[in-house]
Amino acid sequence: MRRQPVLSKLATMSTARASGKASDRKLSFQEVLDWLEADGLVTGEKVNLIRSLAERGAYQDKHPISVIGKRGWQDERAPHSQLTAEALTAWLATKVGLPYLRIDPLKLDVQRITGVVSLPYASRFNVLPVAVTATEITMATAEPYEREWEREIGQVQNKKIRRVLANPEEIARYLVEFYSISRSVLGAERQNEASGVAGTGLQNLEQLMELGRSGKLDANDQHVVSIVDWLLQYAFDQRASDIHIEPRRDEGIIRFRIDGVMHQVYQIPVAALAPVTSRIKILGRMDIAERRRPQDGRIKTRNAQGQEIELRLSTMPTAFGEKLVMRIFDPTVLLRNFRELGFTDADEKQWEAMIDNPHGVILVTGPTGSGKTTTLYSTLKQIAKPEVNVCTVEDPIELVDPAFNQMQVQQNIDLTFASGVRTLLRQDPDIIMIGEIRDAETAEMAVQAALTGHLVLSTLHTNDAPSSITRLMDLGVPPYLIHSSLLGVIAQRLVRTLCPHCRKQAELPDEQWQALVAPWKARKPAHVYTAVGCLECRNTGYKGRIGIYEILNLSPKLKQLLTDRFDDDALRQAAIHEGMKPLRLRGAQKVAEGVTTIEEVLRVVPPPNA
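Residues numbered from 1 in each chain as written. Predicted model: local features only at pLDDT ≥ 70, side-chain atom pairs only at ≥ 80, totals over all residues. Heavy atoms only, no water.

1. Description of the nonpolar core
(1) Moving on: Within the largest apolar cluster, 61 residues are counted, with the highest numbers of intra-cluster contacts made by Ile 243, Ile 245, Phe 256 and Ile 280.
(2) Moving on: With 9 residues, helix α10 (residues 222–237) is the single largest residue contributor to this core.
(3) Moving on: When near neighbours in sequence (up to four residues on either side) are disregarded, Phe 256 contacts Leu 106, Leu 231, Tyr 234, Ala 235, Gln 238, Ala 240, Asp 242, Ile 243, Val 261, Met 262, His 263 and Val 265.
(4) Moving on: Formed by 57 residues, the second largest nonpolar core is a distinct cluster that contains Val 361, Ile 437, Leu 552 and Leu 554. (Core = buried A, V, L, I, M, F, W, Y, C linked by side-chain atoms within 4.5 Å. Buried < 20%, exposed > 50% of the residue type's maximum accessible area, 1.4 Å probe, protein only. Helix = DSSP H or I, 4+ residues; strand = E, 2+ residues; numbered from the N terminus. Contact = heavy atoms within 4.5 Å.)

2. Overview of the pattern of salt bridges
If charged atoms from side chains of opposite charge come close, those side chains can pair.
(1) Moving on: Tallied over the full model, the rule gives 34 salt bridges.
(2) Moving on: The partner of Arg 327 in a salt bridge is Asp 242, and the shortest N-O contact between them spans 3.0 Å. One end of the pair, Arg 327, is in strand β11 (residues 321–329); the other, Asp 242, is in strand β6 (residues 242–247), and 85 residues separate them in sequence.
(3) Moving on: For Arg 603, the salt bridge goes to Glu 600, with nearest N and O atoms at 2.7 Å. Here Arg 603 and its partner Glu 600 are both found in helix α23 (residues 598–604), 3 residues apart, which amounts to about one turn of the helix.
(4) Moving on: What you see here is one network of salt bridges that share partners, running through Glu 86, Arg 102, Glu 536 and Lys 543. (Salt bridge = Lys/Arg side-chain N within 4 Å of Asp/Glu carboxyl O.)

3. Looking at the confidence of the model for the protein
(1) Moving on: Considering every residue of the protein, the mean pLDDT works out to 85; 90% of them sit at 70 or more.
(2) Moving on: The secondary structure element of the protein with the lowest average pLDDT is helix α1 (residues 4–19), at 45, and the one with the highest is strand β12 (residues 360–365), at 96.
(3) Moving on: Predicted confidence for residues 1–8 stays below pLDDT 50, and this span has 16 contacts to residues more than four positions away or in other chains. (pLDDT = per-residue confidence, 0-100.)

4. Notes on unusual backbone geometry
Peptide bonds are mostly trans, and most non-glycine residues show a negative phi.
(1) Moving on: Look at Asn 158: it is not a glycine, yet its phi comes out positive at around 60°.
(2) Moving on: As for its placement among the helices and strands, Asn 158 is situated in the loop between α8 (148–157) and β5 (160–165).

5. Re the sheet that holds strand β10 (residues 308–318)
(1) Moving on: Pairing in this open sheet of 6 strands is antiparallel, and the strands run β8-β7-β6-β11-β10-β9 from one edge to the other. This sheet does not close on itself; its edge strands, each paired only once, are β8 (261–269) and β9 (295–302). Within the sheet, the average angular offset between the axes of one strand and its neighbour, ignoring direction, is 20°.
(2) Moving on: Bridge count between β10 and β11: 9 bridges; the pairing is antiparallel. Within β11, the position partnered with Leu 311 by the bridge is Ile 328.
(3) Moving on: Contacting β6, β7 (251–258), β8, β9, β10 and β11, helix α11 (residues 270–283) runs over the sheet at an angle of about 115° to β8. (Pairing = 2+ DSSP bridges. Axes fitted to C-alpha atoms, helices over the stretch in contact; angles between N-to-C directions.)

Put into structure tokens, the structure is as follows:
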């Protein structure tokens, strides 16, 4: 990015070539159409249509792969497969003898690749550097017969050039995106070193922040605005659940959590890191001057499809500066039904029977990031009818929905979970959702609310469902009150689901299956699927996540065990005897169905009695 002499030299060579000898030839519509017809991918009628339009100049300066890919044709050899631009690029790579590359932006070092050539030069040939080493530069191109740029870049950089074939539309997209963000980072770095950054704030919790349209900004602020806009949209595109902006000694690191796994996506100069963090804090209505103590905030914006998205912000002082985490809440969470969350038919019937009760306490338990919020909000959305008053007290409010009356805990004015529940009880509620039961006072208020005729939903942090009873007793709730108020508990985890494009059937060793289902008996499936890895799943073998659930329905027989001498192991065994399926068995069921792998379940679900 900063090697101006190199970039200038390339520009000079490009000008000289333009006025001198002719460049290598581009791929023609005629040869691509002939190859498609010869390989039986399309019929002559379709080929003739494109050929006639191309001859009349309808597709001037357009790449054949882009034009044909937008037609939406089906592959005649495999009618269920569509000839997308990506599929056509993979096919073309085999025809011309070049390696095919599906560009994964998470795997690219943006700062290094944008320093190879200038944007005008790369745009002229529609080539994109995708990897840089000490001796070699890998360049993505969509023109297999255009070679002059290869000689020029190799000569200037004094490195071997390795060519790969990539989707022309993806090359054009990432050229603009990566060079724009690099230019913005460099501009913000220089600007911050000279004068600092300013911004504007939001007025209320529900004000919608339009990306790039945040009011009247000084011209000097536009670099930082562009970086933040790109960062958020990039995270939305990559299905990230969290964005981490982490200061280091010499640079800032940006990481995304995707399907529960962290990926480093960008390195940002230290001088540009502070303005970016400040910009996000301003949007989240946080104090930008305060960097010594943790803060919380929120942003509401839209993704590229126009859907509203909420982000929860949290800052933390570290050894090298202020760390910022943004949790992204999926706008479709409130629209998911229980089957989409991972409930089986039996799970759904049990859960619906539990939430149909007019009063009592229902607990959702599991570690942070196990999907408790999604389960609670999906449940509330289902039972929030016009004739029902649903009130929540949360810390913080994670998803704002007009069907609920939501209140946020504010410790600085002594508005705690307990005092919040006390207030809600004077608001004529039918259903109360408490974000988390953290202390004895909140637990007591939840029980009292249930005993006075309200349905109460809340969360706890325990390993499994029976352990929640022990946790309530540890908080000081007497067994007789638990007996009178608690309806049931659902424990849950999120496991990554196998990528449908590359999963592979495999034999299941007996010892692996026994390690998963012991000490319970479960029939071993004939076969299972293993993770392989492909371009669609970034070679992880997994794409997306789904919930597994352990539902403890406190029947009258089980409630008899809730005494002063309570033993959660005895309750667990009795519940299993009545039909409760432990988390490990629920995971085994997903393995047998081909949804996930044994390794993933063993990674996520604790061993029995852990």
